[in-house]
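Working through the structure, step by step
These are the residues of each chain, in order.
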Amino acid sequence: MIVPAEERLARVLLTAVAEPGDERLGRLVDLEGAQGAIKAIRADEVPGCDDESELRRRFPAWRARLSEADPERLLASGEEQGGRLLCPGDAEWPSQLDDLGAARPYALWVRGDQDLRFGCLRSVALVGARAASPYGVHVAAEMAAELADNNWTVVSGGAYGIDAAAHRGALGGDGTTVAVFACGVDVTYPSSHSALFLEIAQSGLLVSELPPGATPTRPRFLIRNRVIAALTRGTVVVEAAQRSGAISTARHARDLGRAVMVVPGPVTSPTSAGCHTILREWAEAVCVTDTADVLDRVGLIGDDLAPERRGPVLDRDRLGPAARDVLEAFPARGGVGAARIAVNAGVDLDTALACLGALAAGGFIERCAKGWKLRRDSIRS
């Protein structure tokens, strides 16, 4: 499907005049198209749309912004920065964003040579605290690198802490990572991440709903979280305090039917308190401790199942049933005769004698004045 030039320019205008995620305007766009929505704003008319009065209240501000917006200049500015505009219907548009319904982005501004749709077919969001602990940074980086090794794209928000660790881990694993901005893709925020964003643009993607030059605001950070959740098969909250934007991303993932995964942390750590609340109160949330757990949740059945977790295999685990019964019949201290062992183990004397020989050869027991006793170094084996 080829999006008409007029519709594309209208969507550029929508990214410039309206805040992302406005479901009222989104419903109008679904009914009338982007061009129809722009015409309605200019004419102060809301044809056949719910929430007419609420929309009309916003029209004056949008009309004022329309008078200043130049869609062709914005497109040219984006291209100068190595970016491009994606619209619903474009071949590169990730169709999973349509799950957002009326809150779907009007368009996406993208920097980078990777294909966004293809890159997000196998993708996981790693999100968490900006004021991350060394533990959280380590877990995020290791998990992202291992996901990259398994050809999964890592999506995050480009912020300090867990986000940055996730991006760097994926880049260190020669994988693809996507940073979703709460500002224009030409705006470096935070400014200290300029080198990181340049590296992401070279081997991954920078993505935003906002046009070039748009600056970040607190509401925009929260609104963009729904895009992170919608792009991916699941969201991993690596570290989060009780009030954290990462929890809002997880909430969007839950509402969209995506996998919600949480890394547990020390019970004394306030940066993991939000993680533990999710695990305690959300039935949909799953505890994950490594990449295998994540792939088991979001991967293909039969291809990405995590191995069954077992404790260490002890020497006594390799014993046969009779030998194990005979060994368990020994008292913790002191010696005992073969006849008493047979009675305690519930086996005949010949079986007991055969097992005693095998256990002695295996180093579990040794002879003593009273018959046989456990070797001290075998008690824990």
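Rules used in this analysis
Residues numbered from 1 in each chain as written. Predicted model: local features only at pLDDT ≥ 70, side-chain atom pairs only at ≥ 80, totals over all residues. Heavy atoms only, no water. Helix = DSSP H or I, 4+ residues; strand = E, 2+ residues; numbered from the N terminus. Buried < 20%, exposed > 50% of the residue type's maximum accessible area, 1.4 Å probe, protein only. Contact = heavy atoms within 4.5 Å. Areas by Shrake-Rupley, 256 points an atom, 1.4 Å probe, with all protein chains shown as cover. 1 Å grid on protein atoms, 1.4 Å probe; cavity = no way out; pocket = protein on both sides within 12 Å on 5 of 7 lines; lining within 4 Å. Points joined across faces, edges and corners; volume = space filled by probe spheres on them. Nonpolar A, V, L, I, M, F, W, Y, C, P; charged D, E, K, R; others polar. Pairing = 2+ DSSP bridges. Axes fitted to C-alpha atoms, helices over the stretch in contact; angles between N-to-C directions. Phe/Tyr/Trp six-rings, centres within 6.5 Å; stacked < 30°, edge-to-face > 60°. Lys NZ or Arg CZ within 6 Å of the ring centre and 35° of its normal. Polar contact = N/O pair within 3.5 Å; in protein donor to acceptor, adjacent residues only side chain to side chain.

**Re the overall build of the protein**
Along the protein, the regular secondary structure elements total 15 helices and 11 strands. A burial count over the protein gives 52% of its 381 residues as buried. Put simply, of all contacts in the protein between residues at least 6 apart along the chain, 69% involve residues at least 24 apart. Within the structure as shown, the protein displays about 18100 Å² of accessible surface, and the carbon and sulfur contribution to it stands at 50%.

**Some points on empty space enclosed by the protein**
Per the stated rule, a full pass over the model turns up 3 cavities of 30 Å³ or more. Computed from the structure, the largest cavity encloses a volume of approximately 60 Å³. Around the largest cavity sit Arg11, Gly26, Val29, Asp30, Gly101, Ala102, Arg104, Pro105 and Tyr106, which together line it. At 3 residues, helix H2 (residues 23–43) tops the list of elements feeding residues into the lining of the largest cavity. Here the residues of the lining of the largest cavity sort into 4 nonpolar, 2 polar and 3 charged. Estimates place the volume of the second largest cavity at around 40 Å³. Around the second largest cavity, the lining residues are Pro20, Phe181, Ala182, Ser208, Glu209, Leu210, Arg220 and Arg224. For the lining of the second largest cavity, a count of residues per class yields 4 nonpolar, 1 polar and 3 charged.

**Focus on the sheet that holds strand S6 (residues 205–208)**
Through backbone hydrogen bonds, the strands of a sheet pair up, either in parallel or in antiparallel fashion. A sheet is described by the order of its strands in space; here 9 strands give the open sequence S1-S2-S6-S5-S4-S3-S7-S8-S9, paired in mixed fashion. The open sheet has two edge strands, strand S1 (83–86) and strand S9 (285–287), and neither has a second partner. Within this sheet the neighbouring strands show an average axis-to-axis angle of 25°, counted without direction. Sheet topology note: the strand S8 (residues 259–262)/S9 ladder contains 3 bridges and is parallel. When the bridges of S9 are listed, Val262 appears paired with Cys287. Its contacts with the sheet place helix H7 (residues 162–172) against strand S3 (123–128), strand S4 (153–156), strand S5 (177–180) and strand S7 (234–239), and it is angled at close to 145° to S3. In the packing of helix H9 (residues 218–231) onto the sheet, contacts are made with S3, S4, S5 and S7, and the angle to S5 comes to roughly 155°.

**Comments concerning the packing of aromatic side chains**
Using the criterion set out here, one finds 3 aromatic pairs in the structure. Residues Phe181 and Phe197 carry aromatic rings whose centres are separated by 4.8 Å and whose planes lie at 55° to one another, so their mutual orientation is tilted. With Phe181 in the loop between S5 and helix H8 (194–203) and Phe197 in helix H8, this residue pair connects regions lying 16 residues apart in the sequence. On the basis of relative accessible area, Phe197 is assigned to the buried category, the value being 4%. A centroid spacing of 5.9 Å and a plane angle of 45° characterise the contact between Tyr189 and Phe221, whose relative ring orientation is tilted. With Tyr189 in the loop between S5 and H8 and Phe221 in helix H9, this residue pair connects regions lying 32 residues apart in the sequence. On the basis of relative accessible area, Tyr189 is assigned to the partly exposed category, the value being 45%. Of the residues examined, Phe221 reaches a relative accessible area of 17% and is grouped as buried. Directly above the ring of Phe221 sits Arg130, whose terminal nitrogen or CZ lies 5.1 Å from the centroid.

**Some points on the environment of Gln96**
The residue Gln96 is located in the loop between S1 and strand S2 (108–111) in this model. Judged by relative accessible area, Gln96 falls into the buried class, the value being 15%. Along the sequence, Gln96 and Arg367 sit 271 residues apart, while their C-alpha atoms lie 70 Å from each other. Separated by 2.9 Å, the side chain of Gln96 and the backbone oxygen of Leu231 make a polar contact.

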